[in-house]
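# Structural overview
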Amino acid sequence: MVRLAGIEPTTPWFVAKYSIQLSYSRNSHNYAMEEKNYITPAGHERIKAELLQLLNLDRPEVVKVVHWAASNGDRSENGDYIYGKKRLREIDRRIRFLNKRLEFAVVVDNSSRKSGESDAEQIFFGATVTYAPLEGPEASKETRITIVGVDEVDLDKGHVSWVSPIAKALIKARLGDCVYIQTPNGPCEIEILDVQYL
C-alpha cells in the first residue's frame, strides 16, 4: 500500500482526488483516434514525410537552440529558452498525433479500379467525381470533387472527406445515377457525370 506524506489512502480527500483524476483520464480519452483512418497512398506518404521532417530536422534543431539558451544562464527571462521549450512541446504533440494517425491508418489502393480490373463506374473511397445539380440556380454547373481521408481534406483542390455529407451521398452510386444531397437550401438532386480513379 502506498502512503503519501502521512495521508492514508482511505481518507475522503485522497479518494476524491484520485477518483476525479481517474474519471477525467477516462473521459478525456479520444476514442475516435482508435477508429480506422482511411487514407490514400499519396496522403499516407505526406503524413510519413511530415513525421520524418519533424523527427529528423525540426526537433533536433529546436533541441540545439534550447540547449544553447539554457547554457546562457537565467532561464526565467530568456526568450530563446522559453520560446524553444514551447516550440518543442508543439513539435512533440504533432509527432504524437501523426504517430497515432499512422498507427490506425488503412491505406486504400484503387489500382485495380484504375487498371479496369474492378468496376470503375461505381463511386468508392479515392474516386474523383464530376456532378451537376439538376435544378435550382446552379443547374448544370459542373463540380469536381475527390473523396479522400479526413487528414487529406483540401477544399481549394476539391478534396472532401469520405465522412462528409456529399461523399456519403455519392459513395456506392454509379456513373449516370441521380442522388439527393442535403444543402443549406434544402435537398438537391444531382446527376453524376463522370467517375475516375486517378
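Attention here is on the structure that accompanies the text. Fair warning: this is a prediction, and the values are worked out from it, not measured in the lab.

Moving on, we come to the environment of Val129. Tracing the sequence through the fold places Val129 in strand β3 (residues 128-133). Among the residues examined, Val129 registers a relative accessible area of 0% and is labelled buried. Taking the C-alpha atoms as reference points, Val129 and Val195, separated by 66 residues in sequence, lie 4.7 Å from one another. Discounting chain neighbours no more than four positions away, the residues touching Val129 are Ile123, Thr143, Arg144, Ile145, Leu170, Ile192 and Asp194.

Moving on, we come to unusual backbone geometry. Of note in the backbone geometry, Lys172 takes a positive phi value of approximately 80 degrees without being a glycine. Mapped onto the elements of the fold, Lys172 is located in the loop between α5 (165-170) and β6 (178-183). Owing to a relative accessible area of 59%, Lys172 belongs among the exposed residues under this scheme.

All right, on to the packing of helix α2 (residues 41-70) against helix α3 (residues 79-103) then. The contact between α2 and α3 brings their axes to 9 Å, and the two run at 155 degrees. Our classification of the angle between α2 and α3 gives roughly antiparallel. Two packed elements cross with a definite hand, and for α2 against α3 that hand is left-handed. Taken together, the residues of the contact of α2 with α3 break down into 16 nonpolar, 3 polar and 9 charged.

What follows deals with the side chain of Asn110. Its location among the elements puts Asn110 in the loop between β2 (105-107) and α4 (111-114). When its relative accessible area of 8% is taken as the criterion, Asn110 is described as buried. Reaching out from Asn110, the side chain makes a polar contact with the backbone oxygen of Phe125 at a distance of 2.7 Å. With near-sequence residues (within four places) excluded, Asn110 lies in contact with Phe125, Gly126 and Tyr197.

Right, let's get into the pairing of strand β7 (residues 186-196). Here 6 bridges tie β3 to β7, and the two strands are oriented antiparallel to one another. Looking at β7, one finds that Pro133 is bridged to Ile190. Remark: 2 residues form the turn of the hairpin made by β6 and β7, two consecutive strands paired antiparallel.

Conventions adopted
Residues numbered from 1 in each chain as written. Predicted model: local features only at pLDDT ≥ 70, side-chain atom pairs only at ≥ 80, totals over all residues. Heavy atoms only, no water. Helix = DSSP H or I, 4+ residues; strand = E, 2+ residues; numbered from the N terminus. Buried < 20%, exposed > 50% of the residue type's maximum accessible area, 1.4 Å probe, protein only. Contact = heavy atoms within 4.5 Å. Axes fitted to C-alpha atoms, helices over the stretch in contact; angles between N-to-C directions. Parallel < 35°, antiparallel > 145°, perpendicular 65-115°, else oblique. Left-handed = near helix turned anticlockwise from the far one by under 90°. Nonpolar A, V, L, I, M, F, W, Y, C, P; charged D, E, K, R; others polar. Polar contact = N/O pair within 3.5 Å; in protein donor to acceptor, adjacent residues only side chain to side chain. Pairing = 2+ DSSP bridges.

Geometry only, nothing functional implied.
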